[in-house]
Amino acid sequence: TTQGTTSDFDGHYKLTIDNQASILMYSYIGYQKKEITLSTATTIDVNMEVDAEQLEEVLVIGYGSVNKKDATGSVEAVTADGFNQGAITSPQGLLQGKVAGVQITNSGGAPGAGSTIRIRGGSSLSASNDPLIVIDGVPVDSEGVAGMRNPLNAINPNDIESMTVLKDASATAIYGSRASNGVLIITTKKGESNSSELSVNYSGSVSVNTPNEQVDVLSADQYRDLMSGRPGEHLLGDANTDWQQEVLRTTVSTDQNVGVSGNIKGVLPFRATVGYNLDNGTMQTSQMERTTVNLNLSPTFLGDHLKVNASIKGMFVDNQFANTGAMGSAVVYDPTQPVKSNDPAYAPYGGYHTWLQNGAPSVNAPSNPMAMLEQENNNAKVNRSIGNMQLDYKIHGFEDLSVKVNAGYDYSSSNGSIYAGEETAWNINNGATGGFVSDYTENKRNELLDVYLQYNKEIGKSRFDVMGGYSWQHFYSEGTSNENNVQGNVENPKENIWATEYYLVSFFGRFNYTFNDKYMATVTVRQDGTSRFSPNNRWGTFPSLALAWKINEEPWMQGFDKLSNLKLRAGVGITGQQNIGGGDYPYMARYTYGDAQSQYSYYDPNTGQIIYVPTIRPEGYDENIKWEETVTYNVGLDYGFFNDRVTGAVEGYYRVTNDLLNMVPVPAGSNLTNMLLTNVGSMENKGIELSVNTKIIQKKDFHWDFGVNFTYNDSKITKLTMVDDPNYEGVKVGGISGGTGETIQIHKEGYAPYSFLVYEQIYDEGGKPIEGAYVDRNGDGVIDEKDMYIAGDPMANVYLGFTTRVSYKNWEFSMAGRASFGGQVYNNVDSNNAYYNNLYSSANGNTNNVTSDIYNTGFQNAQLKSDYYVQDANFFRIDNIMVGYNFNNLNDGKMTARVFGTVNNPCVFSNYKGVDPEIQGGIDNNMYPRPTTFMLGVNVNF
Amino acid sequence: CVHQLDTVPVDPREKTKDNTYTDLASYQQGLSKLYAGYATTGQQGPAGDGDLGGIDEGASQYLRRLWEAQELPTDEAINGWTDPGQPSMSFMNWVSTNTLIEALYNRVIYQVTICNQYLRDTKDAPFEEVKAYRAQARFLRAFSYWHALDLFGNIVPFVTENDNVGSDLPNPAGELGGTELFDYIEAELLAIIETSAEEQLIDANAGLVGQANKGAAYMLLGKLYLNAGVYINQDRLTEAKKYTDLVVSNYTLVESATQDYTAYETLFLADNYLQHKEIIFAINFDGNYTQTYGGTTYLVCASVGGEMDAAKYGIGGGWGGNRSMPSLYELFEDGNENQIDPRGLFFKGNKREVTDYREFTEGYGIEKFKNMKSDGSGATRLDFVDTNFPVFRLADALLMQTEIDYRLSGSASNLNVKKLWDRVGRTGAVPQISEEFLLAERARELYWEGHRRTDLRRFGQYSNGTYVAPWSYKGGVVDGKDVDSKYELYPLPASDVGANPNLKQNPNY
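Note that the structure is predicted; figures quoted are calculated from it, not measured.

1. Points about the overall build of chain B
So, point 1. From N to C terminus, chain B includes 17 helices and nine strands.
So, point 2. Relative to the 2.2 N^0.38 estimate, which gives 23 Å for 509 residues, the radius of gyration of chain B is 22 Å and therefore close to what a compact globule would have.
So, point 3. With the principal axes as the frame, chain B shows a C-alpha extent of 85 × 50 × 50 Å.
So, point 4. Across the 509 residues in chain B, those meeting the buried criterion constitute 60%.
So, point 5. Taking the contacts inside chain B whose residues are at least 6 apart along the sequence as the reference set, 64% of them involve residues at least 24 apart.

Below you can see the structure in the form of structure tokens.
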């Protein structure tokens, strides 16, 4: 039998033992385990020794790892201790604000919502700006699968050991054609190899999600006042409905995890976990229920010559989606109308108040938000499994050389359905009987094989680490979808079956050289071949070079004893981007069959029959399409003072992307389309990153850490056209509500991507915008499109994150937050709603609510293109606050426990006029609001 | 495993060049896309896999764009939407970056390029039938080039099957006012009606309804020659007469009314394919099989709103956009606001005057196109319309005949007009034929059928008129005013002039 205890902060401990006990084992994080054979002594003092291997922070990099002190590239790791705390269901949430140069914005407050990760701003326009994500050696598909809000939800945050961000090209170029936007490596927890005991960990929490501030619309009474004497007044009802309050709710969620780890018979270290997460969204009807399982085996054979690491992760998700259109509808829906009514006119629609015209639902009037939520059932089940087996064989008799094999897969399958009954007013015209039923499936099968060799050698003062290998990856996906009405009597229902695939084949190598433990060099090269490009453009070569110099190791630095670390790094490299979003065969002449609804019909007067003939379309293509290429220069300085009580890094980077994959208009008549994805244009990113981590107080029972990171980033498009055309206006992007096809953003030379293109508003003396009065910026006496200007862009120029942790005896406290400056948001909620002509629609026969910004502007008509709506999105947000208490000595020391409470998203400080300034993409259009979440959790180890 | 990089599409809907055209059915399907180019917007109905990018798919639909370009800047119609570029279509103050004009231009040129591709792909087709398909492809290309000529002039990019995909920058057909595009259209049409030609259209008033036959080519030739004065500053009226006469001799007016609708009304109903004796060429739609947010779905839905009862028009609900202006109603009334011509299908629950273009209820509604069958029953669906759009019909040819006679000799018989009046039961004597009467009569018979801009230009009444007064909102002012003559032609999109240095912009844009 085994007994145990835990020492107090002064190291005192007490253990009552029976006579059979013979060995005492001491363990402490960062120290080597020590065993003492029991004597009769009643006091046993032990001096433990630092475990050098553990203390030397190891960074996981592509195809290997490196000691942090020997790293030459810009690599930053966050381990479980440093993760954000609280009700976080996605891996991205753990990292938010933790790493300089990394910006993570979640898409809103939906359960299991996705996030956008931008490492140093993103280097593409039309192609993906997402970093490559590698989970335990398997580069995963970041596109996700239908029915899933966030592709990374496959990973239970509780299973994550560390997340490593590779930022500069010298670190990422080993991933070649997928590395231009950085790499995020996620490593999950494994069984302990040197523990023969079974350890069990349980963590569980209950959280309460509460809705936050809402869009400031007129109350029913304010609305009645405003409508008095106006057209449409006759339509007002006598209810007082706060539609947003109806749509939102306070909910309770829970998260439960059990993990078991140990080492079976000393040969099979394992870790197995099961997690269950039930997340009820603050918008009515939205929910995510997720079960994750994770098994990891890491046995060693042949006398440590063969290391095996096998892992299987499984995820099973039930999603229930709220109709997110309900949020926008709740903003505009007339507050004097009831949710439901006994009026027989509404009986066919389940009693929900519905805008009617001549007794039928008005097709262009807003739908009742509560009907949208309650009458529609939108579900999806998603299963995903990621698994791999890594073999690491040190060759017998030639131990410097090892062979590594990594075979993995990432499979996911989903099926979803939408059911909206015959009473749903907005589906009333669907076929003979109305309603809407849709189901869809999607399967993805991605497979991976890496084979590489690694050679380590130390000769005198020189140390070599050489790696070279081959990688093969196959991405396949297929899906189906069907649509019909409730009774299934649509004459020609929509059915769709699709499939696509691509392959990547690569050869790569890395050469690390260290001289005298002071001078380091890394050279990497990768050659990638992709099936997405023609044989002429298929192969790309992506090299990098980095140098590092440990200045503080120089003899002439020995006098500076306050300085514990100073390392200068410099690197340059080329990376690529082939995640193009234009299909998997963009170079090929192809012909696409039309579906059953896009046929052409002919009438045969001889037979009286109508003949339907499907169509074949020749597709536009670009024979010469190829990778984007990004060249990155990076200079960094790692520092440590006062025996590393203050550490951090300063980095500067400059990144140029050429041959941008860009969706641009092609000269009319020259191709089989008017817009084509092609390589045209260039952009650049430059920036500075600074991080400071301090251990302000470091006493035996009192610790206080504080870390802050700061990023300055500037992105600019430098070229957009093949021919130099000074009059070229740019590519309009950023669709907004308020008009079919209306855009507010532009990619334009000399400006950041997604810059806002608007008119400059003129204000009266009282600071009120004058409707339709704009500055004649080009002075030609006419206000037209030529007077539009760039009034900012959504990208923050400066952002920072901070974390602080305090522990005092058994108590701990932590807090993390972020700030962002220099970005703008286009307030589409106000621009599309706050004007008087919006109050009543004669064409649709309905009345609409407006936001109270109407009192500020007094606009009669929508002024969508006024810079009045381009508003500063500076903010300071507290992401999470945690207070915890540790029970270190329960059940005779066999058990430790921690009880903690957190608040996520307690507050955001901002001058932004809308609800929430943190909007990915910069267009605020009724995002699912982010809740504030209070959580109570417990974590038990035994 | 490097050879695995040579992938071919695994999607069941997608094929490579080698395995697309394999049997006769595939050649039919390739041709079907060329017809569908006027009806649908892509390979998923109603939307989802569009042919064109950079614009809302439904708004990019060929007929929707063409109709608006031909009707909104005229005395017949006004639109109340405030979507980008939309008001200026009614105001006649558009600029070269107008997204709707850009979409129209892209749609027209796209249609030419897919016709070209079909002609390339079918060059050595091993089926005799494909020769007639190729003749139809050539007709459709000429039809679209005619739109290009009429809307943008001789300076549009000119490509044929002899150009390659994706390589060179297209050259314009010619200088402004040049005859190159006119000559090309003329030559192509003459070639495919030639009875000895290998690639020949089927005879007039024959074949399937929806297919272009020689009747369609005669009509297009007639229109090309009739407007030659505008297009190339030449008098080609003799040829115009020849081909218009050929049309008239091959078709007959629909005369029979149904219990619910007059003969005239049946031309615009969900089963108007039955009226193929009068309708020479139509763009076909089907609520179940040819779905789009443009086409006649747009024409019916955008014309219904406010107090109009959607059920009467066979749809579930209207979009509230298009209605008429007093300048149209005046052509149907006796001078005291009493309607005397039954062809005017007005919804008078709206106000007659338009003082706020955004208000759908200002300006009489137009009930011409409906998604109802001639027996009074509903069409297949309430959300997508079955009705075919008559591109050319005999009534138009009859009025052209009268106009050509009038222009050739200074006077004309009123017999053709009398036929049209008699058909709808309009009483009273037909006045003596004059320019002013002809232009008004064309509106009475053909309003909202996509001819008005061309007609106004031919009569010299478009940008500034001598006897057609500025209509409401012409020039962007409520009472209307004349506009600069540059608006006679639409501008090439600034984006294309920027992307293709070979192109020149139309004057003063």
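2. Regarding the overall build of chain A
So, point 1. Broken down by element type, chain A carries nine helices and 53 strands.
So, point 2. Taking 942 residues into account, the globule formula puts the C-alpha radius of gyration at 30 Å, and chain A, at 31 Å, falls close to it.
So, point 3. Its C-alpha atoms give chain A principal-axis dimensions of roughly 100 × 70 × 65 Å.
So, point 4. Sorting the 942 residues of chain A into buried and exposed places 49% on the buried side.
So, point 5. Residue pairs at least 24 apart in sequence account for 70% of intrachain contacts in chain A once pairs closer than 6 positions are excluded.

3. Re the sheet that holds strand β11 (residues 183-188) of chain A
All names here are of chain A.
So, point 1. With mixed pairing, five strands are arranged side by side in an open sheet as β5-β10-β11-β8-β9. The open sheet has two edge strands with one neighbour each: β5 (75-79) and β9 (138-140). Pairs of neighbouring strands in the sheet enclose a mean axial angle of 25 degrees, with direction left out of account.
So, point 2. Where strand β8 (residues 132-135) and β11 come together, four bridges link them in parallel fashion. Bridge pairing in β11 places L132 opposite V183.

4. Quick notes on the sheet that holds strand β1 (residues 14-16) of chain B
So, point 1. Spatial strand order, β31(A)-β28(A)-β1(B): three strands in an open sheet with antiparallel pairing. Strands with a single pairing partner mark the edges of an open sheet, and in this sheet they are β31 (616-618) of chain A together with β1 of chain B. Between one strand axis and the next, the sheet turns through 30 degrees on average, direction left out of account.
So, point 2. Looking at chain direction, strand β28 (residues 590-593) of chain A and β31(A) are connected through three bridges and run antiparallel. Counted as the bridge partner of Y593(A) is I616(A) from β31(A).

5. Side note on unusual backbone geometry
So, point 1. That bond from G45(B) to P46(B) is cis: its omega, 0 degrees, falls within 30 degrees of zero.
So, point 2. Topologically, P46(B) is positioned in the loop between α1 (24-36) and α2 (62-71).
So, point 3. Here Y63(A), not a glycine, exhibits a phi torsion of approximately 55 degrees, which is positive.
So, point 4. Here T285(A), not a glycine, exhibits a phi torsion of approximately 75 degrees, which is positive.
So, point 5. Mapped onto the elements, T285(A) comes out in the loop between β14 (268-280) and β15 (287-297).

6. Some remarks on the interface of chain A and chain B
So, point 1. Facing the 85 residues of chain A at the interface are 95 residues of chain B.
So, point 2. Elements that contribute at least two residues to the side of chain A that touches chain B include exactly β19 (360-361), β24 (494-515), β25 (519-530), β28, β29 (600-604), β30 (609-613), β31 and β34 (661-665) of chain A.
So, point 3. Grouping the constituent residues of the side of chain A that touches chain B by class yields 39 nonpolar, 32 polar and 14 charged.
So, point 4. As defined by bridge partners, β28(A) adjoins β1(B) across three bridges and the pair is classed as antiparallel.

7. A short note on the nonpolar core
For soluble globular proteins, the rule of thumb is that nonpolar side chains tend to be buried together.
So, point 1. If you look at the biggest cluster of nonpolar residues, it comprises 149 residues, and the most contacted ones within it are F139(B), A217(B) and L220(B).
So, point 2. For this core, the element with the highest residue contribution is helix α5 (residues 130-152) of chain B, accounting for 14 residues.
So, point 3. Non-local contacts of L220(B), meaning those with residues more than four positions away in its chain, are made with A142(B), F143(B), W146(B) and L189(B).
So, point 4. Core analysis: the second largest hydrophobic core is formed by 94 residues, M283(A), V664(A), F802(A) and I919(A) among them.

8. Structural notes on helix α6 (residues 180-193) of chain B
So, point 1. Between its first and last C-alpha atoms α6(B) spans 20 Å; for 14 residues at 1.5 Å apiece the expected length is 20 Å, and the two agree.
So, point 2. Packing partners of the buried residues in α6(B) comprise α5, β3 (157-158), α7 (214-226) and α8 (228-232) of chain B.

9. Quick look at α7(B)
So, point 1. For α7(B), spanning 13 residues, the distance from its first C-alpha to its last is 18 Å, which sits close to the expected 18 Å at 1.5 Å a residue.
So, point 2. The element α7(B) is extensively covered by neighbouring structure, given that 13 of its 13 residues are classed as buried.

10. Brief notes about the pairing of β25(A)
All names here are of chain A.
So, point 1. Summarising the sheet, β24 and β25 pair through twelve bridges and their orientation is antiparallel. Within β25, the residue paired with L504 across the bridge is T530.
So, point 2. Between β24 and β25, which pair antiparallel one after the other, the connecting turn spans three residues, and N516 there sits at a positive phi close to 60 degrees.
So, point 3. Pairing geometry for β25 and strand β26 (residues 539-550), over eleven bridges, is antiparallel. Its bridge partner being in β26, V523 is matched across the sheet by L545.

11. Description of the environment of A125(B)
All names here are of chain B.
So, point 1. Within the fold, A125 resides in the loop between α4 (99-121) and α5.
So, point 2. You can call A125 partly exposed: it has 17 C-beta atoms within 10 Å.
So, point 3. Spatially, the C-alpha atom of A125 lies 8.5 Å from that of Y21, the residues being 104 residues apart in sequence.
So, point 4. Sequence-distant contacts of A125, defined by excluding residues within four places in its chain, comprise Y27 and V130.

12. Some points on the packing of α5(B) against α7(B)
Residues and elements named next belong to chain B.
So, point 1. The interhelical angle for the contact between α5 and α7, taken along N-to-C directions, is 25 degrees, at an axis separation of 11 Å. With respect to α7, the axis of α5 lies roughly parallel. As for how α5 packs across α7, the hand of that crossing is left-handed. Contact residues: F139, A142, F143 and W146 in α5; A216, A217, L220 and L224 in α7.
So, point 2. Looking at the contact of α5 with α7 residue by residue, the class counts come to eight nonpolar, no polar and no charged.

13. Concerning the environment of S807(A)
Residues and elements named next belong to chain A.
So, point 1. Mapped onto the secondary structure, S807 falls in strand β44 (residues 798-808).
So, point 2. Between the alpha carbons of S807 and Q698 there is a distance of 9.8 Å; along the sequence they are 109 residues apart.
So, point 3. Residue contacts for S807: discarding those within four places in its chain leaves H703 and E812.

14. Digging into the confidence of the model for chain B
So, point 1. For chain B, mean pLDDT is 96; residues scoring 70 or higher make up 100% of the total.
So, point 2. Reported for the predicted complex are a pTM of 0.92 and an ipTM of 0.95.

15. Brief notes about the packing of helix α13 (residues 394-409) of chain B against helix α14 (residues 415-424) of chain B
Residues and elements named next belong to chain B.
So, point 1. Between α13 and α14, the least distance of the axes is 8 Å, while the angle of their chain directions is 150 degrees. By the angle class used here, α13 and α14 are roughly antiparallel. In this structure, the crossing between α13 and α14 has a hand that is left-handed. Between α13 and α14, the contacting residues are A395, L398, L399, Q401 and T402 on the first element and N416, V417, K419 and L420 on the second.

16. Thoughts on the environment of Q70(B)
Residues and elements named next belong to chain B.
So, point 1. Topologically, Q70 is positioned in helix α2.
So, point 2. Spatially, the C-alpha atom of Q70 lies 25 Å from that of G287, the residues being 217 residues apart in sequence.
So, point 3. Ignoring sequence-local partners within four residues, the contact set of Q70 consists of G450, H451, R452, R453 and T454.

Rules behind the numbers
- Residues numbered from 1 in each chain as written.
- Chains lettered and ligands numbered in written order.
- Predicted model: local features only at pLDDT ≥ 70, side-chain atom pairs only at ≥ 80, totals over all residues.
- Helix = DSSP H or I, 4+ residues; strand = E, 2+ residues; numbered from the N terminus.
- Rg over C-alpha atoms; globule rule 2.2 N^0.38 Å.
- Buried ≥ 20, exposed ≤ 12 C-beta atoms within 10 Å, placed from the backbone.
- Contact = placed C-beta atoms within 7 Å.
- Pairing = 2+ DSSP bridges.
- Axes fitted to C-alpha atoms, helices over the stretch in contact; angles between N-to-C directions.
- Nonpolar A, V, L, I, M, F, W, Y, C, P; charged D, E, K, R; others polar.
- Core = buried A, V, L, I, M, F, W, Y, C linked by C-beta atoms within 7 Å.
- Expected span 1.5 Å × (residues − 1).
- Parallel < 35°, antiparallel > 145°, perpendicular 65-115°, else oblique.
- Left-handed = near helix turned anticlockwise from the far one by under 90°.
- pLDDT = per-residue confidence, 0-100.

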